[in-house]
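Chain and residue survey
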Amino acid sequence: KTGKFTYDPGFMSTAACRSTITYIDGDKGELLYRGYPIEQLAVNCDFLETCYLLLKGELPNATQKSEFVNKVTRHTMVHEQMSRFFQGFRRDAHPMAVLVGTVGALSAFYHDSLDINNPEHREISAIRLIAKLPTLVAMAYKYTVGQPFVYPRNDLSYTANFMRMMFATPCEEYKVNDVLVRAMDRIFILHADHEQNASTSTVRLAGSSGANPFACIASGIACLWGPAHGGANEACLEMLEDIQAQGGVAKIGEFIAKVKDKNSSVKLMGFGHRVYKNYDPRAKLMRETCHEVLGELGLQDDPLFKLAMALEKIALEDDYFVSRKLYPNVDFYSGIVQRAIGIPTELFTAIFALARTVGWIAQWNEMISDPEQKIGRPRQLFTGETQRDVKPLHQR
Ligand code: SDX
């Protein structure tokens, strides 16, 4: 027994670590951040309140929230030399390639003055990362479209600031649409943390060596990029666009047959999960957010949204998916809603990384703060050659 939760010995032997941050019950489809259901946080809080909760373990009161927001706001700019760092990339570089590079490069600006054993240094590193990721993601986007970087503004909310840095140009201001800002903010909340997923485990393993937090977050970004993980939202939208191009809802049966074909590697992207063997609660909230955004924009008849809902319905009635407990995950609807907000497809995973940075840094901090933590050293089951002697070259 670990406090309030009981685990069977078999599970305990495979557990990678102990944590108090996020709890998932995969069979029930439940997700709690520090004990609060994601469904309640997504409706009653904003992303910075959720960041405060993940970092400190409690929701902030009004004063604590104001101080935290103020700290984050004052760290949204990046060192001016970072803009030259971007010039080294090809214009058509994938935003995740740029983000891995630029977030890792933040180490160069803070590494020397950072003692990770000092709680204050750990806190300011968390603030800097949460504050600068939106700026770096927006810069990565502006660089690929050949538009000038837009500086953050301190009079805007965290998420409105991000959307302005993405969509404003010197010729035209960004008109803040509160429904779209709220939807983006909710997308950040839904992606903020998810216990020991692949990228979080990467950050923990990198951090266990004492590497600085900026380099550790860069390693998490690299891992998240994979299509089996954070890259699934981009892959899912491409899958929906392909089916739509071939005939839409009428072609769902043909697509499902390909997925079920033992000789094909086609997967229903945005479906299935290593832990959830029930509906991912984030997918439900993402579908509701889709409805709200598409309604706000007069796009309620968006063909891709209709196709996604038809595909979900058919899959959930098909024994192949039901028998394997494959349900929609967070990535199934997130591409549709981000596309409606105006986020380009190639930026979806970068947005996931922006939101997950707080989870990564909270998990990193939990590990570094543990006096008993040691460097991670996974073991292996060796199945190679037993010892043998080297033959001279002429005898090989
Ligand atoms: C995220 O870990 C996290 O928490 C991650 C995440 C987070 O917030 O950090 O939740 C974010 O990464 C969500 C997952 C996004 N990825 C996708 O949507 C890609 C598509 N999904 C699959 O790649 C797969 O479902 C995984 C990788 C997500 C999970 O794989 P599992 O649980 O290890 O399942 P498996 O690979 O062992 O598959 C079991 C069976 C297999 O069939 P059989 O060998 O039994 O015949 O289910 C099949 C798989 O082929 N299967 C799928 C499928 N997912 C699993 N078949 C078709 N489509 C799918 N999506």
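Residues numbered from 1 in each chain as written. Predicted model: local features only at pLDDT ≥ 70, side-chain atom pairs only at ≥ 80, totals over all residues. Heavy atoms only, no water.

Moving on: the packing of helix 9 (residues 178-191) against helix 17 (residues 331-341). Running from amino to carboxyl end, helix 9 crosses helix 17 at an angle of 150°, the nearest separation of the two axes being 10 Å. In terms of axis orientation, helix 9 runs roughly antiparallel to helix 17. The handedness of the crossing between helix 9 and helix 17 comes out as left-handed. Listed contacts from helix 17 to Leu 180, Ala 183, Met 184, Ile 187 and His 191 of helix 9 are Ser 334, Val 337, Gln 338 and Ile 341. (Axes fitted to C-alpha atoms, helices over the stretch in contact; angles between N-to-C directions. Helix = DSSP H or I, 4+ residues; strand = E, 2+ residues; numbered from the N terminus. Parallel < 35°, antiparallel > 145°, perpendicular 65-115°, else oblique. Left-handed = near helix turned anticlockwise from the far one by under 90°. Contact = heavy atoms within 4.5 Å.)

Below, the discussion takes up helix 9. Its 14 residues give helix 9 an end-to-end C-alpha distance of 20 Å, which sits within 8% of 20 Å, the value for a rise of 1.5 Å per residue. Taken across its 14 residues, helix 9 has 11 buried, putting it largely inside the fold. Restricting attention to buried positions, one finds in helix 9 the residues Leu 180, Val 181, Ala 183, Met 184, Asp 185, Arg 186, Ile 187, Phe 188, Ile 189, Leu 190 and His 191. (Expected span 1.5 Å × (residues − 1). Buried < 20%, exposed > 50% of the residue type's maximum accessible area, 1.4 Å probe, protein only.)

Okay, a nonpolar patch on the surface next. On the surface, Phe 5, Tyr 7 and Phe 11 cluster together into a nonpolar patch covering about 250 Å² of accessible area. Assignment of secondary structure puts Tyr 7 in the segment before helix 1 (9-14). (Patch = residues over 30% accessible without salt bridge, like charges linked within 9 Å, V, L, I, M, F, W, Y side chains within 5 Å. Areas by Shrake-Rupley, 256 points an atom, 1.4 Å probe, with all protein chains shown as cover. Salt bridge = Lys/Arg side-chain N within 4 Å of Asp/Glu carboxyl O.)

Okay, the pattern of salt bridges next. Throughout the structure, instances matching the rule amount to 19 salt bridges. Lys 56 is the salt-bridge partner of Glu 123, the closest N and O atoms lying 3.3 Å from each other. A residue pair is termed long-range when its members are at least 10 positions apart, and Glu 123 in helix 7 (residues 119-145) and Lys 56 in helix 3 (residues 47-56) qualify at 67 residues. Residue class for Glu 123 comes out partly exposed when judged on its relative accessible area of 29%. Connected via shared salt-bridge partners are Arg 153, Asp 155, Arg 164 and Glu 173.

What follows is about the nonpolar core. With 123 residues, the main nonpolar core has Leu 99, Phe 162, Met 239, Leu 311 and Ile 341 as its most contacted residues. When sequence neighbours within four positions are dropped, the list of residues in contact with Leu 99 reads Gly 104, Leu 133, Leu 136, Val 137, Ile 221, Ala 350 and Ala 353. (Core = buried A, V, L, I, M, F, W, Y, C linked by side-chain atoms within 4.5 Å.)

What follows deals with the sheet that holds strand 2 (residues 30-33). One open sheet holds the 3 strands; their spatial order is 1-2-3, and the pairing between them is antiparallel. A strand with exactly one partner marks an edge of an open sheet, and here the two such strands are strand 1 (22-25) and strand 3 (36-37). Where strand 1 and strand 2 come together, 4 bridges link them in antiparallel fashion. Across the sheet, Thr 22 pairs through a bridge with Tyr 33, a residue of strand 2. (Pairing = 2+ DSSP bridges.)

Every one of the 25 residues lining the ligand counts as a neighbour, but His 194, His 273, Arg 274, Arg 282 and Arg 356 are closest to it. The backbone of Ala 228 places a nitrogen or oxygen atom 3.0 Å from a nitrogen atom of the ligand. Look at the ligand: alone it shows 1,000 Å² of surface, and the protein chains cover 75% of it. In terms of residue class, the shell around the ligand is built from 10 nonpolar, 7 polar and 8 charged. (Near = heavy atom within 4 Å. Polar contact = N/O pair within 3.5 Å; in protein donor to acceptor, adjacent residues only side chain to side chain. Nonpolar A, V, L, I, M, F, W, Y, C, P; charged D, E, K, R; others polar.)

Here we take up the UniProt feature "active site" (unreviewed entry) in the protein chain. With numbering matched to this structure, UniProt assigns "active site" (unreviewed entry) to His 273 and Asp 331. These annotated residues cover 59 residues of sequence, but their C-alpha atoms sit close together, with the largest distance between any two at 10.5 Å. Mapped onto the elements, His 273 comes out in the loop between helix 13 (252-260) and helix 14 (281-296). A polar side-chain atom of His 273 sits 2.9 Å from the main-chain amide nitrogen of Val 275. By the element assignment, Asp 331 lies in helix 17. With sequence-adjacent residues up to four places away left out, Asp 331 is seen in contact with His 229, Gly 230, Ala 232, Asn 233, Cys 236, Gly 270 and Phe 352. (UniProt positions renumbered as here; feature names shortened; annotations may be inferred.)

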